[in-house]
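One letter stands for each residue in the lines below.
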Amino acid sequence: MEKKNKSEKIFYITTPIYYVNDVPHIGHAYTTMAADVMARYKRLSGYDVLFSTGTDEHGQKIARSAEKVNLTPLELADKVVLKFKNLWPLLNVKYDDFIRTTEQRHIKVVQDIFEKLFKKGDIYKGEYEGWYCVPCETFWTETQLTDKVCPTCGRKIERIKEESYFFKMSKYQNQLLAYIKKHPHCIQPEVRKNEIISFIKNGVKDQSITRTKKSLKWGIDVPFDNNHVIYVWYDALLNYITVAGYNTDNEKFEKYWPSAVHLVGKDILRFHTVIWFTMLMAAGIEPPRMVFAHGWWTIEGEKMSKSKGNVVDPYEMVEEFGADVFRYFLMREVSFGQDGNFSKDLLIQRTNYDLANDLGNLVSRTIAMISQYFNKKIPRPVERKEKHDVDLKELALNTIKEYNIHMDNLSLNTALETIWQFIRRTNKYIDQTEPWILGREKTQQERLSTILYNLAESLRLITILIYPFMPEKAEEIWKQLGLESDLDKIKLEKEAYWGNLQPDTLVKPGKVIFPRIDVKKKATKKNEEKENELETISYDEFKKIDLRVGKVVAAAPIRGTEKLLKLKISLGKETRTIVAGVKEHYSAEDILGKKIIIVYNLQPIKIRGIESQGMLLAAVDNHDVILLTVDKDIIEGSKVQ
Ligand code: MSP
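To start, this report covers the structure provided alongside it. Computed from a predicted model, the values in this text were never measured in an experiment.

So, on to the environment of Glu 434. Looking at the secondary structure, you find Glu 434 in the loop between helix H15 (412–433) and helix H16 (435–438). Separated by 17 residues in the primary sequence, Glu 434 and Ile 451 place their C-alpha atoms 9.3 Å from one another.

Written out as structure tokens, the structure reads:
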């Protein structure tokens, strides 16, 4: 008999480590949630999992951002890292290790590898002359450019000419191609792999991997040369082996490293394959098992950017929709690897159709019927089965099988689709078997028992399968089913089979798991919020308002009105008439002689037959109206700026 090799069930999954120059956005949340889904799924499948994320804290980008806000780079990092660390639990992300590149354990690994490669002759000193994009922290050679802008992000690039250490990447070009050929799944998806292969075939050049301290101080020191710091990407990529225990815990490293899967965005795939694989080859370390590049989110069809003001803040999403709904939408909406479009309307639609209608209804109907017909006790099914029962059971087992295949391929949205086909089928089973009719007849108790058992059992299986995607909601359904075991510790192998649900378990009806989002109510709320929003004007708009100091030289009440005074305002060269609604607060005598502020270029209007040529300024609260006057005397007609 084949012996099961325990060590095969090891899974190491990583997210990119995020720059600390900015707060988290949907892109960071997306990769990290996807990694969490995979980590939870693998634990469910009985794997020993190591899941890491972290922050990338060195480099010019961080140094410049810190300078702008008058902080040291480390002070900035210490602040921003909390925004990431605090976000992950809110998104139900449960990692095993969070690495910061400023930690000693990491600095040591970076310096060790640098020294090792230098001694080996794979790192040498030379001079770098070329271009650099600070936002992308990327070196560009003349031949890679068509303009003086970064080919990746389109922003301005800078010219660099300085002494630099180089990594002999060119030496590994053929070895790299051979490796990829031999390990066809090491770069995914396939189209991206092909892009990388043609990039490599175009020629891999040696890579500048240090900056002089004259141009950048914020980095890890080259261990044997005090004038240089190590290039931020060279430093950052090594985080993956630091976490796995490289040079500090060999047993851990040997256990986890061979199973490493890096999830990254498509924009940073080249770093994670060409540079990273060759660095590892030079250091005598096997490349990771797989690098998977996911696509990018546009927001309502547009590129996400700060200048457009459309950056999706994950904190706000959790607050508005809850973590699991946000997770479900991002994992379900596009196939992992493709670009996607984020919009709140789409998210609301999915919530209402997939979650509230399909799954939510299945939960509430099942629990309600067990409560009503069997006094909350999950009934015992009878042996005799009908076609619908057999179909349902068969589909359940097929769903589990397919789910496993899709999850193992990182086809996260297809896995969800498969679960939803089963959810819809289960709802259909209710309609086909019509338990509410059987419930009226005493003679149908046995049939009803079987149907409700089958429903509860299907729901139990569904709950296990959705758990990696929506751990919090799964927990709630689990509890309503009366199940007390810890979902976190459940293993598919032990629990995901038909018939494991114990009859007589008492269900616990609870709150609605997925409330419908009322689109109309939401729109009204949105409008109200808009009204309360501070509307800003530009300086140019403000400049159009001409304010002047005027002296009240005559004042009289306007007969037949309670609030109006007719005022004559001297502006030096001219005198204007203004009708002002201040009589309840100022009598004609009070106001006479005051130097006040008026809007000089307001269009005249007729009030009570009198042309009012401007307006007074006053501070207003609930009780009072107080005229704005000048602090010291000044000539009439002076401008207010
Ligand atoms: N520090 C590097 C990674 C080093 S890993 C050794 C970095 N950091 S980052 O903070 O800029 O993170 C970028 C991650 O967010 C990338 O994986 C990128 O693809 C992802 N996204 C940024 N905008 C995105 C979208 N609009 N949509 C999806 N992901 C996007 O790069």
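Our next topic: the site of the ligand. In the vicinity of the ligand there are 22 residues, among which Ile 17, Asp 56, Gly 265, Asp 267 and Trp 297 approach most closely. With respect to the ligand, the side chain of Asp 56 contributes an N or O atom lying 2.7 Å from a nitrogen atom. The backbone of Trp 297 places a nitrogen or oxygen atom 2.9 Å from a nitrogen atom of the ligand. At the level of secondary structure, the elements contributing two or more residues to the shell around the ligand comprise strand E1 (10–19), helix H1 (26–44), helix H7 (232–237) and helix H8 (239–243). The dominant element in the shell around the ligand, judged by the number of residues it contributes, is E1, at four residues. Of the residues belonging to the shell around the ligand, the class tally is twelve nonpolar, eight polar and two charged.

Here the focus is the sheet that holds strand E10 (residues 221–222). To summarise the sheet geometry, strands pair through backbone hydrogen bonds and adopt either a parallel or an antiparallel arrangement. Overall, antiparallel pairing links the three strands, which are arranged E9-E11-E10 in an open sheet. Of all the strands in the sheet, the pair left with one neighbour each is strand E9 (210–212) and E10. Relative to strand E11 (residues 225–230), E10 is paired through two bridges, and the arrangement is antiparallel. Within E11, the position partnered with Asp 221 by the bridge is Val 229.

The subject of this paragraph is the side chain of Ser 45. Residue placement: Ser 45 occurs in the loop between H1 and strand E2 (48–56). Once you skip the residues sitting within four places of it in the chain, Ser 45 turns out to touch Lys 9 and Leu 492.

Time to look at the packing of helix H12 (residues 323–333) against H15. Closest axis-to-axis distance for the H12/H15 pair is 7 Å, and the angle between their directions is 105°. Judged by the angle between their axes, H12 and H15 are roughly perpendicular. Counted together, Tyr 328, Met 331 and Arg 332 of H12 and Leu 412, Asn 413, Leu 416, Glu 417 and Trp 420 of H15 form the full contact between these two elements. Residues of the contact of H12 with H15, tallied by class, amount to five nonpolar, one polar and two charged.

This part covers the packing of helix H5 (residues 173–182) against helix H6 (residues 190–201). Running from N to C, H5 and H6 point in directions that differ by 155°, and their axes come no closer than 10 Å. By the angle between their axes, H5 is roughly antiparallel relative to H6. The two elements H5 and H6 cross, and the hand of that crossing is left-handed. Contacts from Gln 173, Leu 176, Leu 177 and Ile 180 in H5 reach Lys 193, Ile 197, Ile 200 and Lys 201 in H6.

This next bit is on the packing of aromatic side chains. On inspection of all chains with the given rule, the structure shows 32 aromatic pairs. Taken together, a centroid distance of 4.8 Å and an interplanar angle of 65° make the contact between Tyr 128 and Phe 139 edge-to-face. Note that Tyr 128 is positioned in strand E4 (residues 123–133) and Phe 139 in strand E5 (residues 138–140), a separation of eleven residues in sequence. Per residue, the accessibility class of Tyr 128 equals that of Phe 139, and both read buried. Both rings, one in Phe 253 and one in Trp 257, keep their centres 5.9 Å apart while their planes meet at 5°; by these two values the pair is stacked. For the pair formed by Phe 253 and Trp 257, the shared burial category is buried. Ring pairing ties together the aromatic residues Tyr 30, Phe 292, Trp 297, Phe 326, Phe 329, Phe 336 and Phe 342, which thus form one cluster. Between the NZ or CZ atom of Lys 42 and the centre of the ring of Phe 11, over which it lies, the distance is 5.1 Å. Across the ring face of Tyr 600, the terminal group of Arg 576 is positioned such that the distance to the ring centre comes to 3.9 Å.

One finds Tyr 234, Ile 241, Trp 257 and Phe 342 to be the most contacted residues of the largest nonpolar core, which totals 179 residues. When near neighbours in sequence (up to four residues on either side) are disregarded, Phe 342 contacts Ile 26, Trp 297, Thr 298, Ile 299, Glu 300, Val 312, Met 317, Phe 326, Phe 329, Leu 330 and Leu 347. Among the nonpolar cores identified, the runner-up in size contains 17 residues, and Val 552, Ile 569, Tyr 600 and Leu 627 belong to it.

Between the first and last C-alpha of helix H3 (residues 73–90) there are 26 Å, a value that for 18 residues agrees with the 26 Å anticipated at 1.5 Å per step. By the burial criterion, the buried members of H3 are Pro 73, Leu 76, Ala 77, Val 80, Val 81, Phe 84, Leu 87 and Trp 88. Along its buried surface, H3 packs onto E1, H1, E2, helix H2 (60–68), strand E3 (97–100) and helix H11 (314–321). Of the residues trailing H3, Asn 92 is marked for its positive phi of about 60°.

Thresholds, definitions, all that
Residues numbered from 1 in each chain as written. Predicted model: local features only at pLDDT ≥ 70, side-chain atom pairs only at ≥ 80, totals over all residues. Heavy atoms only, no water. Helix = DSSP H or I, 4+ residues; strand = E, 2+ residues; numbered from the N terminus. Near = heavy atom within 4 Å. Polar contact = N/O pair within 3.5 Å; in protein donor to acceptor, adjacent residues only side chain to side chain. Nonpolar A, V, L, I, M, F, W, Y, C, P; charged D, E, K, R; others polar. Pairing = 2+ DSSP bridges. Contact = heavy atoms within 4.5 Å. Axes fitted to C-alpha atoms, helices over the stretch in contact; angles between N-to-C directions. Parallel < 35°, antiparallel > 145°, perpendicular 65-115°, else oblique. Left-handed = near helix turned anticlockwise from the far one by under 90°. Phe/Tyr/Trp six-rings, centres within 6.5 Å; stacked < 30°, edge-to-face > 60°. Buried < 20%, exposed > 50% of the residue type's maximum accessible area, 1.4 Å probe, protein only. Lys NZ or Arg CZ within 6 Å of the ring centre and 35° of its normal. Core = buried A, V, L, I, M, F, W, Y, C linked by side-chain atoms within 4.5 Å. Expected span 1.5 Å × (residues − 1).

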